[in-house]
Amino acid sequence: MDHSNSLPRSEQDDAAILKRLLGYVKERKAGLVLAILGMAGYAAVDTTFVYSIQPLIDEGLSGKNPDVLKWMPFFVIGIVFLRGVCNFLSNYFMAWVGNHVVMKLQRQVFSHLMQMPMRFFDQHNTGNLLSKVTYDAGQVSSAASSTLVSLVREGATVIGLLGLMFYHSWQLSLIFFLVGPLVGVLIAIISRRFRRLSRHIQQAMGNITTATEQMLRGHKEVLMFGGQQVEAQRFEGVSNRVRQQNMKLVVADAIGSPVVQLIASLALAVLLFVATLDGVKETLSAGTFTLMVTSMMMLLKPLKNLTQINAQFQRGIAACQSLFGLLDMEGEKDTGSLSLERARGDIQFRGVTFTYPTKETPALRDLNLHIAPGKTVALVGRSGSGKSTIASLLTRFYDLQQGQILLDGEPIEAYRLADLRRQFALVSQQVHLFNDTVANNIAYAAQDQFSREQIEAAARLANAHEFIDKMPAGYDTLIGENGANLSGGQRQRIAIARALLRDAPILLLDEATSALDTESERAIQEALDRLCQSRTTLVIAHRLSTIEQADEIVVIDEGVIVERGDHASLLALGGAYAALRRTQGGEAEAGQ
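Residues numbered from 1 in each chain as written. Predicted model: local features only at pLDDT ≥ 70, side-chain atom pairs only at ≥ 80, totals over all residues. Heavy atoms only, no water.

By the naming in an unreviewed UniProt entry, the chain goes by Lipid A ABC transporter ATP-binding protein/permease MsbA and is assigned to Pseudaeromonas paramecii. The Subcellular location (unreviewed entry) comment attached to the chain in UniProt states, word for word, "Cell membrane". (UniProt positions renumbered as here; feature names shortened; annotations may be inferred.)

This is the structure we're talking about:
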């Protein structure tokens, strides 16, 4: 295999990543300028201090110019003061710029994740995505602040000292360039190693986040089934992987720094040897020789630092690569141009076939279905038959692969995505509530549009007002993460109140009453029945007793419609619906 183009392509990618990262600094130019001035000033102060050695020895200590010794103490104090000022400028303003860059980058990643289609989350691990927003962004923060300060400052120091050496003796300074290319090659090799290890560490950190999140979300199951040992072993494995990758990074760094210093010290050794030669020794003053040796020795420290910070810098570049890769992924397609204030609610499925990205078997096969405005259609069938897929396609959580879905006679892709989804009120089996007040959860993302009276009215319709009113702060009570302080039935009723408040023309009830007790279900069913009179309603039901009054019942099996009709006609048919009804009736009798 030909690898001849791999290195140039990598270098080009590095330059492109760095250029893109620097694009985030445009809004903070003033801070960046001050930081650069501080870095350049720091390097200039160090170089000036070394420069003062030559007149101190040749003129002050030799007695040629005693005044040098008089102003030297003040010079040293001034140099140290300036060094401190420059150090503050570079560190503070670079951190200021870096933190703003990372904040902007994090916000972009967070916003972009919200725009990603459902298929993206089907294919990507949640823990790895969380790791990008936290760990990867932290690595960028380090690269964009402290690491970049050291990189520029130490680089400027190297340039300043080399310039000083060339000014006093360009012949001896050439010695350094005998080993310079070796140092450059070594740093390039170490950089590639650091980059590769950094990517491995990112993946390992994602696994740690995943393992932790999995344990926290399933804590009840862990306790119930005694899974503490299993989860502990799982976490030990992923944490050990992080340790191994970090140790490999430490080894690369620990080997790289001494080798770079050793190579650089060879230049110092050659300089000392050449300085002893008769022809050279006669042309050098004591001050110039001391300056050259001091400069060469001072070069060892920045070279060592450049190698050490290279590890952190490469981590930051690898993290940028990861985050930019995510930002470059295509979000939800929103190419529709039609606006829609309020739909009539006429829905048609024409020859719809759909397969989930992570599966091979179609969830729906050549589905044809018409739901007239204001009608209630119930979808029933075994688990996994494709009922919930229909609701997901209506709201464009997934895009069609074959066939067409029409809303009021227009393909749903023709509408603007926000306008389309505003026509639906969705209550699903998996209720998600936010760590906020009850009122804000009911009026989620629309708190300013509804009054407290409207929120309470929706809660009453959902049979939720009674238990909300008994809470410590009523509607202003914080309900905890995902409604941790509520029962399953209470969470479901708040979700129903949220849907009722929106007053959307189309209701999607995906197992909406599954978590309710019989009494609450009866009360909510009455409210839903009143609400459905003026709306198109699609009910996905497990309990067949809840959909007996539907205008049409559609029985789906393995993505295909096998029966359709009202409750009485389907029972009389004695087919799949009647069999499901008998099964549930038998379960009910067995439970009594």
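Draft legend 1. Structural context of the overall build of the chain. Within the chain, the secondary structure is distributed over 21 helices and 10 strands. For the chain, the proportion of contacts with a sequence separation of at least 24, taken over those separated by at least 6, is 78%. For the chain, the exposed surface amounts to about 30,300 Å²; the carbon and sulfur share of it is 57%. (Helix = DSSP H or I, 4+ residues; strand = E, 2+ residues; numbered from the N terminus. Contact = heavy atoms within 4.5 Å. Areas by Shrake-Rupley, 256 points an atom, 1.4 Å probe, with all protein chains shown as cover.)

Draft legend 2. Up close: the sheet that holds strand E3 (residues 376-380). Judged by pairing direction, the sheet is mixed, and its six strands sit side by side in the order E6-E7-E8-E3-E9-E10 without closing on themselves. Every other strand in the sheet has two partners, leaving strand E6 (424-427) and strand E10 (560-565) as the edge strands with one partner each. Along the sheet, successive strands turn relative to each other by an average axial angle of 15°, direction set aside. Where strand E9 (residues 552-557) and E10 come together, five bridges link them in antiparallel fashion. By the bridge assignment for E10, Val 554 is matched with Arg 564. Helix-sheet contacts for helix H13 (residues 387-394) involve E3, E6, strand E7 (506-510), strand E8 (536-540) and E9, and the interaxial angle to E8 is about 145°. (Pairing = 2+ DSSP bridges. Axes fitted to C-alpha atoms, helices over the stretch in contact; angles between N-to-C directions.)

Draft legend 3. Seen up close, the sheet that holds strand E2 (residues 364-371). Strand order in the open sheet formed by four strands is E2-E1-E4-E5, and the pairing between neighbours is antiparallel. The open sheet has two edge strands, E2 and strand E5 (410-411), and neither has a second partner. Sheet analysis places strand E1 (residues 347-354) next to strand E4 (residues 402-407), joined by five bridges and oriented antiparallel. Bridging from a neighbouring strand, Thr 353 pairs with Gln 402 of E4.

Draft legend 4. Broad picture of H13. Of all eight residues in H13, seven are buried; the element is thus mostly enclosed. Of all the positions in H13, only Lys 387, Thr 389, Ile 390, Ala 391, Ser 392, Leu 393 and Leu 394 are classed as buried. A positive phi of about 60° marks Arg 396, the residue just after H13. (Buried < 20%, exposed > 50% of the residue type's maximum accessible area, 1.4 Å probe, protein only.)

Draft legend 5. The pairing of E1, seen in detail. With respect to burial, E1 is a largely interior element, seven of its eight residues being buried. In this sheet, E2 lies alongside E1 in antiparallel orientation, the contact comprising five bridges. Bridge pairing in E2 places Phe 349 opposite Leu 369.

Draft legend 6. Broad picture of the side chain of Thr 157. Relative to the helices and strands, Thr 157 is located in helix H6 (residues 126-168). If near-sequence neighbours (up to four positions away) are discounted, Thr 157 is found in contact with Ala 43 and Pro 302.

Draft legend 7. Structural detail: the packing of aromatic side chains. In this structure the tally under the stated criterion is nine aromatic pairs. Pairing Tyr 24 with Phe 324 gives two aromatic rings, centres 6.0 Å apart and planes at 15°, and the pair type is stacked. Placement of Tyr 24 in the loop between helix H1 (6-23) and helix H2 (29-51) and of Phe 324 in helix H12 (residues 286-327) is noted, with a sequence separation of 300 residues between them. For Phe 324, a relative accessible area of 3% puts it in the buried group. The interplanar angle of 55° and the centroid separation of 5.5 Å between the aromatic rings of Phe 354 and Tyr 398 together place this pair among those described as tilted. A residue pair is termed long-range when its members are at least 10 positions apart, and Phe 354 in strand E1 and Tyr 398 in the loop between H13 and E4 qualify at 44 residues. You'll find Phe 354 and Tyr 398 in the same group, each marked buried. Members of the aromatic cluster, joined through ring pairs, are Phe 88, Tyr 92 and Phe 93. (Phe/Tyr/Trp six-rings, centres within 6.5 Å; stacked < 30°, edge-to-face > 60°.)

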